[in-house]
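Single-letter residue listing:
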Amino acid sequence: MNETFEDILTSTLEVLEQNPDMDINKLVDVQTEKYKSSEEAKATIDDTFACLDKFTELGHSLADARKEGLTRDQWLVQEIERMTEGCTQDEKDAVATAIVESMEQHVESEVEEANLENE
Amino acid sequence: MDIIKFAKENYGDFVKRANPAMNKMTALQTLLSGKELSNEEVPLIKEFKVVKDFLELPMGDKKEVVLKKAFATAVTIAKDKGVLPFEVNSSEQIASLVDDGLTRMKVAYQTATGKMDAYQAVDALVDRVATRVVGIADRVIEKGVPFVVDKLCIAMSKHPYTAALVPFVKASEKYIAPVAKAAVRAGVAVVAKAAKPILKKAVDTVKAVGKKILSWLNA
């Protein structure tokens, strides 16, 4: 079998479509077995799921903070405080700087893309 | 920009890279260029209820993550088999690519269908950027990476997966029905038109927030 990415994505979505209540980990088992995936790939899937769960958890945290009347930047400060608990002031500053620089970079690249879309 | 020009400039490059799937790609390209699909091409365009449901769900709904995980599974399996038509190098990049790509598609769809206005759309995109950046920083810190700004920036940077984003979104588009697809494309145009001034303001805000955060932390 010489599958393409599209074949694999289609197959994965078909399993989900036909079994909407299937546990996502079961779906992973079915698909990794079908495509004879390596142990490294299975570990990457687990780690990627953990990352997606983290994004989801933080999305809910931000939504809850908004309901309590906090702004996005106030929520950011709270999160930086949480993740740097026990760190020195220099370490806190480094994390805050990295987060803000990264966000700035992301948002600026969105502006560039918007410029391209508008051309 | 008209749709044919858009298809040629944006989709053509992906088609070249996704050579093995050329027939299906040709069908989608037909659709993108606004032409009617032939009888042979129609079955090549997949339409999934799970994808449509994802587009319809409110932003941030708990069920969203299921589809994101399904896409992430397919991306990782394809990478393992060496057939992924774009490059991603870590769990964080795969998660960011899937989260960003599917969120963009959903925001565009919800904007075109009147579920959110352009301002809400841009705000939702910036919210997702914030949660991804904080999420990755959190994981990097948990993994014990030293507090070096450059390392954090590299881990969180959009650049490692930017090149993959366009082909990923284009590949994902074919899994939605033509009507929803048209809505997504219309939404992209609406968001893009409104985004420039709003995002410019967002950049200034983020810069101001950076100074504020540092002063709060130092207080």
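Residues numbered from 1 in each chain as written. Chains lettered and ligands numbered in written order. Predicted model: local features only at pLDDT ≥ 70, side-chain atom pairs only at ≥ 80, totals over all residues.

Q: Is there a simple way to think about the overall build of chain B in this case?
A: Along its length, chain B carries nine helices and zero strands. For chain B, the sequential pattern of α-helices and β-strands runs α-α-α-α-α-α-α-α-α. When each of the 219 residues of chain B is scored for burial, the buried share is 46%. Look at the contacts in chain B between residues 6 or more apart in sequence, and 66% of them connect residues 24 or more apart. (Helix = DSSP H or I, 4+ residues; strand = E, 2+ residues; numbered from the N terminus. Buried ≥ 20, exposed ≤ 12 C-beta atoms within 10 Å, placed from the backbone. Contact = placed C-beta atoms within 7 Å.)

Q: What is the right way to look at the packing of helix α4 (residues 72–83) of chain A against helix α6 (residues 118–142) of chain B in this model?
A: A packed helix pair is summarised by two numbers, namely the angle formed by the two axes and the spacing between the axes. The N-to-C vectors of α4(A) and α6(B) enclose an angle of 5 degrees; their axes lie 11 Å apart at closest approach. Classed by the angle they form, the pair α4(A) and α6(B) counts as roughly parallel. Across from Arg72(A), Leu76(A), Glu79(A) and Met83(A) in α4(A), the residues of α6(B) making contact are Asp127(B), Ala130(B), Val134(B), Ala137(B), Asp138(B) and Ile141(B). Broken down by class, the residue content of the contact of α4(A) with α6(B) amounts to six nonpolar, no polar and four charged. (Axes fitted to C-alpha atoms, helices over the stretch in contact; angles between N-to-C directions. Parallel < 35°, antiparallel > 145°, perpendicular 65-115°, else oblique. Nonpolar A, V, L, I, M, F, W, Y, C, P; charged D, E, K, R; others polar.)

Q: Hey, could you run me through the nonpolar core in this one?
A: A general feature of soluble globular proteins is that nonpolar side chains tend to end up buried together. The biggest cluster of nonpolar side chains holds 71 residues, and the ones touching the most others in it are Ile99(A), Ala72(B), Val75(B) and Val184(B). Among residues more than four places away in sequence, those in contact with Ile99(A) are Leu76(A), Ile80(A), Val133(B), Val134(B) and Ala137(B). (Core = buried A, V, L, I, M, F, W, Y, C linked by C-beta atoms within 7 Å.)

Q: Explain helix α5 (residues 91–112) of chain B to me, please; I cannot follow it from the model alone.
A: Note on helix geometry: an α-helix contains 3.6 residues per turn, so any two residues three or four positions apart are oriented the same way. Under the 1.5 Å per step criterion, the end-to-end length of α5(B) is 32 Å for 22 residues, consistent within 8% with the ideal 32 Å. Extensive coverage of α5(B) is indicated by the burial of 22 of its 22 residues. (Expected span 1.5 Å × (residues − 1).)

Q: Explain the confidence of the model for chain B here, please?
A: Detailed conclusions should not be drawn from predicted coordinates in areas where pLDDT is low. All names here are of chain B. A residue-level look at chain B finds 53% of positions with pLDDT of 70 or above and a mean pLDDT of 69. Across chain B, helix α4 (residues 64–80) holds the top mean pLDDT of 95, while helix α1 (residues 3–17) sits lowest at 37. Low pLDDT, under 50, characterises residues 1–37; the stretch is placed with 44 contacts to residues that sit more than four places away or in other chains. Reported confidences for the modelled complex are a pTM of 0.76 and an ipTM of 0.91. (pLDDT = per-residue confidence, 0-100.)

Q: Looking at this structure, how should I read the confidence of the model for chain A?
A: Residues at a pLDDT of 70 or more form 87% of chain A, whose mean pLDDT is 86. The lowest-confidence element of chain A is helix α5 (residues 89–118) of chain A, averaging 70 in pLDDT; the highest-confidence one is helix α2 (residues 24–34) of chain A, averaging 97.

Q: When you look at the packing of α2(A) against α4(B) in this model, what are you seeing that I'm missing?
A: α4(B) packs onto α2(A) with a crossing angle of 20 degrees between their chain directions and a minimal axis gap of 10 Å. It follows from the interaxial angle that α2(A) and α4(B) lie roughly parallel. Pair α2(A) / α4(B) crosses with right-handed handedness. Mapping the contact onto sequence places Ile24(A), Leu27(A), Val28(A), Gln31(A) and Thr32(A) in α2(A) and Val66(B), Lys69(B), Ala70(B), Thr73(B) and Ile77(B) in α4(B). Across the contact of α2(A) with α4(B), the residue classes break down as six nonpolar, three polar and one charged. (Left-handed = near helix turned anticlockwise from the far one by under 90°.)

Q: Looking at this structure, how should I read helix α1 (residues 5–18) of chain A?
A: All names here are of chain A. With 14 residues, α1 extends 20 Å between its outermost C-alpha atoms, agreeing within 8% with the 20 Å of an ideal straight helix rising 1.5 Å per residue. For α1, the complete set of buried residues consists of Phe5, Glu6, Ile8, Leu9, Thr12, Leu13 and Leu16. The arc that holds the buried residues of α1, viewed along the axis, is 165 degrees, so those residues lie on one side. (Arc of directions from axis to C-beta.)

Q: Even after reading the chapter, I still don't get the environment of Lys67(A), so can you show me in this structure?
A: Residue and element names in this part refer to chain A. Examined against the element boundaries, lysine 67 turns out to sit in helix α3 (residues 39–67). Assessed through the 8 C-beta atoms surrounding it within 10 Å, lysine 67 is described here as exposed. For the pair lysine 67 and alanine 50, spaced 17 residues apart in sequence, the C-alpha separation works out to 26 Å.

Q: Could you clarify how one ought to interpret unusual backbone geometry in this entry?
A: All names here are of chain A. For lysine 36, which is not a glycine, the phi torsion comes out positive at approximately 50 degrees. Within the element layout of this structure, lysine 36 appears in the loop between α2 and α3. By the C-beta count within 10 Å, which is 11 here, lysine 36 ends up exposed.

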